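Each chain, letter by letter, is given below.
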Amino acid sequence: MFEANEIRRPIFETIKSVSSEIFVSDFQKYSKYKSDSKVSSVLSLYCKNILLTRIVDVNSKLHLSSDKLAKVYGITHINILQINTKNNASSGVITESTKIHISSIHSEEFRRLLLEIENLPVLGGLDVEFEKVKRLFFINQSTTEFYRPHGILLYGPPGCGKTSFARSLAKRCCALFYNVESSDLLTSDFGSGANTLRNIFQKVLSLREEGPIILFLDEIDMLCPRPETASLGNRQLSSALMMEMDKIHMKNYSGLLILAATNSVSSVDPRLRRSGRFDQEILINVPSEAQRLSILQVLTSDLTLASDVSCKALAQMTPGFVGADLRGLFEEAIAHAQEQVKKDLNVLNLEDFYHALHKTTPSLKKGTECVVDLKPVRWDDIGSLEEIKAEIRQSIEWPLKYPEILENMDIPPAKGILLYGPPGCCKTTLVRAAATSCHVSFLSLSGAQVYSAYVGESERLISQAFQKARALAPSILFFDEIESLVGKRVANVGHNRVQERILSTMLNEMDGVGNKMDFKMDSRSHDRIEMQKIIEQENDGLCPSTTRCNSNKNNLKVIVVGATNRPDMLDSAILRPGRLDKHIYVPPPDKEARKAILEIYSSKMSCNDVDISVLADRTELFSGADLKNLCKEAGLEAVRRQLTSSKSNPPNLIVTNDHFLQALDKVKPSLTPEILREYKK
């Protein structure tokens, strides 16, 4: 049985007081309620009338679009932050005696922008850049009026996360994110784009009164290009943007940060990059191995990986991959896992990632003449030449794989390497093996790709190759048959000057002269740090010239490798120290090397009773390519004999010593004693 007072007891307790925040349709109408306590009490009464007899709990978010009374008041949402009841219950009913406290008033636009950044994913690999911009943003919000940065320009190759960086920055700084679409400003109507931009700045300034905000302008080079290439509409946009930024800088507003992003910083109107506008420029570059590891760890946080998958190994196998490429790699691996019949479809193994690596091409490698599909070559696939291998490893692998050791030993690495020797002695194969071992980007150019009928096109291709190599660093830039590109300069007036212009371009690029900022490493902050070290060490009595040399001793990201059969035709300027300063002679194989090469190629064939030592003795002056051709001809001889002696094709063919001897009568060496004497000179 129940007593009468228990039966009449309400299910929910009466709430004594409520702390809430409200969102209104017209913020300018209610913004005065923040300072006027009398009017604020009237607004609390409005909220009580709306919430009367409602059952609410802590963290309730009330959507009032269907409430007629709320529409009259202009209140769209009410968020319950805290309630106070007699028994400290987490829910209760609003009555006439409930006191409503309003902690904050925001507009509906503020709420919409706030919800957009709440569910943003975590962005990895850009912690250093985040700290730089966060420091500038906090300075912008500080009370000091001496200096407030308002404009920051983000630049870098596409897919590196500039837009995602701006959104994540807003989430980390608890600020709103207002994105401006280019399509809203680039219209055909005369002057409408500039008017739209002015209205956007007015709206952003009104939102700034409610809280800090980040205004983001993507593809700023499309909106405000250089004056010589800009149309009339672009010039109006540039003028309007500069006027609005100058107003903000003059009034020194706090809580407003303008971010702009571009893939081609050299195409942006230089007037926007002066102090007081976009005075801070931050490079969002292609991620390094450590940054790729951080990105992969974020991407794999919600996935289950097999025991044979390591994020560190994946980071080493993906040089030149930007953040968008790594996400595409995981999507391809997940798609391959779903296609396979597995016991557990939620687990990604190493096979899935190997398949995805063959399907995914880095964004920066698309649409460029210098990018080639590198076929992996192991050092064991190259017979003998142990001394040459060790020298190439020392010149190419060590600076890329062990830079800290070389820096501690004060050993400056070679900036460029020249491989020269007779044709067919695996110069190109040695470079491919070094690139495979280092897990770095490999770019290649030859004379046939560079020469063009159009004036300036050859120099553009050379410059583009160096820019891509810097963007994909660490990388190897390989020039095959380099003598056709940088031959000796002659004094003949009627001589073709294209080769001289190519040589001049290569010399400038190797010296670092005239590098475009689009794909250049952000060395300015590094230079400031090094200059501070120089000043400190000068005060301690150290030699500044020695310090300056040591500061740049390991600033190596791109290794230039050239291969040639005619080193005598190269211009002396390209061979001096600081350019192609390391010269490695790749000789023809000796007897032991020929034996090792024949063993490698014959191991892939079904051989029986083949005396490799005798063949190595009889193949004097044979290059590596000649020995490969010899094994091929011996195999064809075995097939030819079998097909002529029998109508049926047996499943297994055996290559014997007679087949090799027969092939020796047809295959002749490509080298002569005269050629070798020329190289000995």
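Residues numbered from 1 in each chain as written. Predicted model: local features only at pLDDT ≥ 70, side-chain atom pairs only at ≥ 80, totals over all residues. Heavy atoms only, no water.

### As for the pattern of salt bridges
A pair can form between side chains of opposite charge whenever their charged atoms are brought close.
Point 1. Under the counting rule described, the total for this entry stands at 26 salt bridges.
Point 2. Salt-bridge contacts for Arg274 lead to Asp246; the nearest nitrogen and oxygen are separated by 3.5 Å. Of this pair, Arg274 sits in the loop between β10 (256-262) and β11 (280-283) while Asp246 sits in helix α11 (residues 232-251); the two residues are 28 residues apart in sequence, bridging distant segments of the chain.
Point 3. Measuring nitrogen to oxygen at the nearest pair gives 2.7 Å for the salt bridge that ties Arg501 to Glu459. You can see Arg501 sitting in helix α21 (residues 498-511) and its partner Glu459 sitting in helix α20 (residues 457-471), a full 42 residues away along the chain.
Point 4. The exposure class assigned to Arg501 is partly exposed, which follows from its relative accessible area of 32%. (Salt bridge = Lys/Arg side-chain N within 4 Å of Asp/Glu carboxyl O. Helix = DSSP H or I, 4+ residues; strand = E, 2+ residues; numbered from the N terminus. Buried < 20%, exposed > 50% of the residue type's maximum accessible area, 1.4 Å probe, protein only.)

### Some details on the packing of aromatic side chains
Point 1. As enumerated under the stated definition, the model contains 8 aromatic pairs in all.
Point 2. Three or more aromatic residues joined by ring pairs make a cluster, and in this case those are Tyr420, Tyr585 and Tyr679.
Point 3. Positioned above the aromatic ring of Phe130, the side-chain terminus of Arg172 is 3.8 Å from the ring centre. (Phe/Tyr/Trp six-rings, centres within 6.5 Å; stacked < 30°, edge-to-face > 60°. Lys NZ or Arg CZ within 6 Å of the ring centre and 35° of its normal.)

### Quick word on helix α26 (residues 624-645)
Point 1. Compared with the 32 Å implied by 1.5 Å per residue over 22 residues, the 32 Å span of α26 between its first and last C-alpha is a close match.
Point 2. All of the buried residues in α26 are Gly624, Asp626, Leu627, Leu630, Cys631, Glu633, Ala634, Gly635, Glu637 and Ala638.
Point 3. Here the buried face of α26 lies against α24 (591-602) and α27 (657-666). (Expected span 1.5 Å × (residues − 1). Contact = heavy atoms within 4.5 Å.)

### Describing the sheet that holds strand β3 (residues 61-63)
Point 1. The 4 strands are arranged β3-β4-β1-β6 in an open sheet whose pairing can be described as mixed. Both edges of this open sheet fall to β3 and β6 (99-107), since each of them pairs with a single strand only. Ignoring which end each strand starts from, the neighbouring axes of this sheet average 25° apart.
Point 2. Sheet analysis places β3 next to strand β4 (residues 75-85), joined by 3 bridges and oriented antiparallel. Bridge pairing in β4 places His63 opposite His77.
Point 3. In this fold helix α5 (residues 108-116) packs onto β1 (15-24), β4 and β6, with an angle of close to 75° to the strand it touches most, β6. (Pairing = 2+ DSSP bridges. Axes fitted to C-alpha atoms, helices over the stretch in contact; angles between N-to-C directions.)

### Digging into the packing of helix α12 (residues 289-299) against helix α14 (residues 323-339)
Point 1. Where α12 meets α14, the axes come as close as 10 Å, and the angle between the chain directions of the two elements is 40°. By the angle between their directions, the pair α12 and α14 is classed as oblique. Relative to α14, the crossing made by α12 is right-handed. Across from Arg292, Ile295, Leu296 and Leu299 in α12, the residues of α14 making contact are Gly323, Leu326, Arg327 and Phe330.
Point 2. For the contact of α12 with α14, a count of residues per class yields 5 nonpolar, 1 polar and 2 charged. (Parallel < 35°, antiparallel > 145°, perpendicular 65-115°, else oblique. Left-handed = near helix turned anticlockwise from the far one by under 90°. Nonpolar A, V, L, I, M, F, W, Y, C, P; charged D, E, K, R; others polar.)

### Observations concerning a positive patch on the surface
Point 1. A cluster of like positive charges, contributed by Lys375, Lys604, Lys628 and Lys632, occupies part of the molecular surface.
Point 2. Residue placement: Lys632 occurs in helix α26.
Point 3. Of the residues examined, Lys632 reaches a relative accessible area of 55% and is grouped as exposed. (Patch = residues over 30% accessible without salt bridge, like charges linked within 9 Å, V, L, I, M, F, W, Y side chains within 5 Å. Areas by Shrake-Rupley, 256 points an atom, 1.4 Å probe, with all protein chains shown as cover. Lys, Arg positive; Asp, Glu negative; His and termini not counted. Charge placed at Lys NZ, Arg CZ, Asp CG, Glu CD.)

### A word on a nonpolar patch on the surface
Point 1. A cluster of nonpolar side chains, Trp398, Tyr402, Ile405, Met409 and Ile411, forms an exposed patch at the surface whose accessible area comes to about 520 Å².
Point 2. Mapped onto the elements of the fold, Ile405 is located in helix α17 (residues 403-408).

### Topic: α21
Point 1. With 14 residues, α21 ought to run about 20 Å at 1.5 Å a step, and its terminal C-alpha atoms sit 20 Å apart, in line with that.
Point 2. α21 sits mainly inside the fold: 10 of its 14 residues count as buried.
Point 3. For α21, the set of buried residues is Val498, Gln499, Glu500, Ile502, Leu503, Thr505, Met506, Leu507, Glu509 and Met510.
Point 4. Residues of α21 that are buried make contact with α19 (447-450), α20, β16 (475-480) and β17 (558-564).

### Considerations on the sheet that holds β10
Point 1. Spatially, 5 strands are ordered β8-β9-β10-β7-β11 in an open sheet, and the strand pairing comes out parallel. Each edge of the open sheet carries a strand with a single partner, namely β8 (176-180) and β11. Here the average twist between neighbouring strands, direction ignored, is 25°.
Point 2. Summarising the sheet, strand β7 (residues 151-155) and β10 pair through 5 bridges and their orientation is parallel.

### Here's the deal with the nonpolar core
Point 1. Counting 57 residues, the largest nonpolar core has Ile214 and Phe479 as its most contacted members.
Point 2. When residues of this core are assigned to their parent elements, the largest contribution, 6 residues, is made by α21.
Point 3. With near-sequence residues (within four places) excluded, Phe479 lies in contact with Leu445, Ile462, Phe466, Leu485, Met506, Val560, Val561, Gly562 and Ala563. (Core = buried A, V, L, I, M, F, W, Y, C linked by side-chain atoms within 4.5 Å.)

### Description of the pairing of β16
Point 1. Of all 6 residues in β16, 5 are buried, a share of seventy percent or more.
Point 2. As paired strands, strand β15 (residues 441-445) and β16 are joined by 5 bridges and run parallel to one another. Across the sheet, residue Ser444 finds its bridge partner in β16, namely Phe478.
Point 3. Judged from the 6 bridges that link them, β16 and β17 form a sheet pairing that is parallel.

### Some details on the state of the cysteines
Point 1. Summed over all chains, the structure comprises 0 disulfides.
Point 2. Considering cysteine sulfurs only, Cys607 is the nearest to Cys631, which forms no disulfide, with 7.5 Å between them. (Disulfide = S-S within 2.5 Å.)

### Considerations on the environment of Val18
Point 1. Within the element layout of this structure, Val18 appears in strand β1.
Point 2. Of the residues examined, Val18 reaches a relative accessible area of 1% and is grouped as buried.
Point 3. Between the alpha carbons of Val18 and Ile83 there is a distance of 4.6 Å; along the sequence they are 65 residues apart.
Point 4. Those residues in contact with Val18, other than ones at most four positions away along the chain, are Ile80, Gln82, Ile83, Ile94, Thr98, Lys99, Ile100 and His101.

Nothing here speaks to function; it is geometry throughout.
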